[in-house]
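# Tertiary structure, described
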Amino acid sequence: MQVQLEEQHSAVQEYVTFSVADQVFCLRINQIREIRRWSPVTILPHAPHYVLGVMNLRGAVIPIYDLASRLGLARSDASERDVVIVVNLDGNLLGLLAEAVSEIISINPEEIQDTPSVDSRDTMEFIQGIISKNEQMIRIVNLNAVGFPDKDEV
């Protein structure tokens, strides 16, 4: 009995939920380096539409993505009420603009449902799965898809 409980406990993963374009998404907590308040960015000429610019993070210049735009939702108008979720993607820091960070949730893998096939390669690529919790549908963002665009998109 003790071994089974330990196995269940070790399988539980923690996710940080946040809102983008009034929708709820999440990332695994170990993908997030920090969460900081929005501050103006330096715009880069000819950057893709979803790149808001770059920000100085303790001496490191990091790109800031408009996550709503990157996910195919309406482009965000960044404001001082927004947050930047700093993630580490294969050793590179990247900031994701979000409206707010909500909570940390603990999820068993069995609670994650497959992303429904909706005849869109992008949906299947950007959303790793869906968690139904407290009458909310929380989408798990595939950080690799967000951070590494297809050459056709750029």
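Relevant structure appears above.
This text gives an overview of the structure that appears in the document.

### Thoughts on the overall build of the protein
Helix and strand counts for the protein come out as four helices and 11 strands. Within the protein, buried positions represent 40% of all 154 residues. For the protein, the computed accessible surface area is about 9,300 Å², with 47% contributed by carbon and sulfur atoms.

### Points about the packing of aromatic side chains
The final tally for this structure, using the stated rule, is one aromatic pair. Ring geometry for Tyr 50 versus Tyr 65: centroids 5.2 Å apart, planes at 70 degrees, classification edge-to-face. You can see Tyr 50 sitting in the loop between β3 (32–37) and β4 (51–57) and its partner Tyr 65 sitting in strand β5 (residues 60–66), a full 15 residues away along the chain. One exposure class covers both Tyr 50 and Tyr 65, and it is buried. The ring of Tyr 50 carries the charged tip of Arg 70 above its face, separated from the ring centre by 4.3 Å. We note Arg 139 situated over the ring of Phe 25; from NZ or CZ to the ring centre the distance is 4.5 Å.

### Notes on the pairing of β4
Counting buried positions along β4 yields six of seven residues, so the element is predominantly enclosed. Where β4 and β5 come together, six bridges link them in antiparallel fashion. Bridge pairing links Asn 56 to Val 61 in β5. Following β4, the chain reverses through two residues before pairing antiparallel with β5; Arg 58 in that reversal takes a positive phi of roughly 50 degrees.

### Looking at unusual backbone geometry
The phi torsion at His 46 lies on the positive side, around 65 degrees, for a residue other than glycine. Looking at the secondary structure, you find His 46 in the loop between β3 and β4. Backbone geometry at Asn 134 places phi at a positive 50 degrees, although glycine is not the residue there. Secondary-structure assignment places Asn 134 in the loop between β10 (127–133) and β11 (136–141).

### Re the nonpolar core
Formed by 26 residues in total, the largest nonpolar core has its most connected members in Phe 18, Leu 27, Val 87, Leu 96 and Val 146. Elements supplying a minimum of two residues to this core: β1 (13–20), β2 (23–28), α2 (67–70), β6 (83–89), β7 (92–98), β10 and α4 (143–147). The leading source of residues in this core is β6, at four residues. Core analysis: the second largest hydrophobic core is formed by 11 residues, Trp 38, Val 41, Leu 57 and Ile 62 among them.

### Here's the deal with the sheet that holds β11
Spatial strand order, β8-β1-β2-β11-β10-β9: six strands in an open sheet with mixed pairing. Each end of this open sheet is capped by a strand with a single partner; those strands are β8 (100–107) and β9 (112–113). The pairing of β9 with β10 spans two bridges and is classified as antiparallel. When the sheet's bridge partners are listed, Gln 113 is paired in β10 with Ile 130.

### Let's talk about the side chain of Glu 34
Position of Glu 34 among the secondary structure elements: in strand β3. Take Glu 34: its relative accessible area is 18%, and that puts it in the buried class. Within the structure, the side chain of Glu 34 is placed 2.3 Å from the side chain of Arg 58, a separation counted as a polar contact. The residues touching Glu 34, leaving out its near neighbours within four places in the chain, are Leu 57, Arg 58, Val 84, Ile 85 and Val 86.

Calculation criteria
- Residues numbered from 1 in each chain as written.
- Predicted model: local features only at pLDDT ≥ 70, side-chain atom pairs only at ≥ 80, totals over all residues.
- Heavy atoms only, no water.
- Helix = DSSP H or I, 4+ residues; strand = E, 2+ residues; numbered from the N terminus.
- Buried < 20%, exposed > 50% of the residue type's maximum accessible area, 1.4 Å probe, protein only.
- Areas by Shrake-Rupley, 256 points an atom, 1.4 Å probe, with all protein chains shown as cover.
- Phe/Tyr/Trp six-rings, centres within 6.5 Å; stacked < 30°, edge-to-face > 60°.
- Lys NZ or Arg CZ within 6 Å of the ring centre and 35° of its normal.
- Pairing = 2+ DSSP bridges.
- Core = buried A, V, L, I, M, F, W, Y, C linked by side-chain atoms within 4.5 Å.
- Polar contact = N/O pair within 3.5 Å; in protein donor to acceptor, adjacent residues only side chain to side chain.
- Contact = heavy atoms within 4.5 Å.

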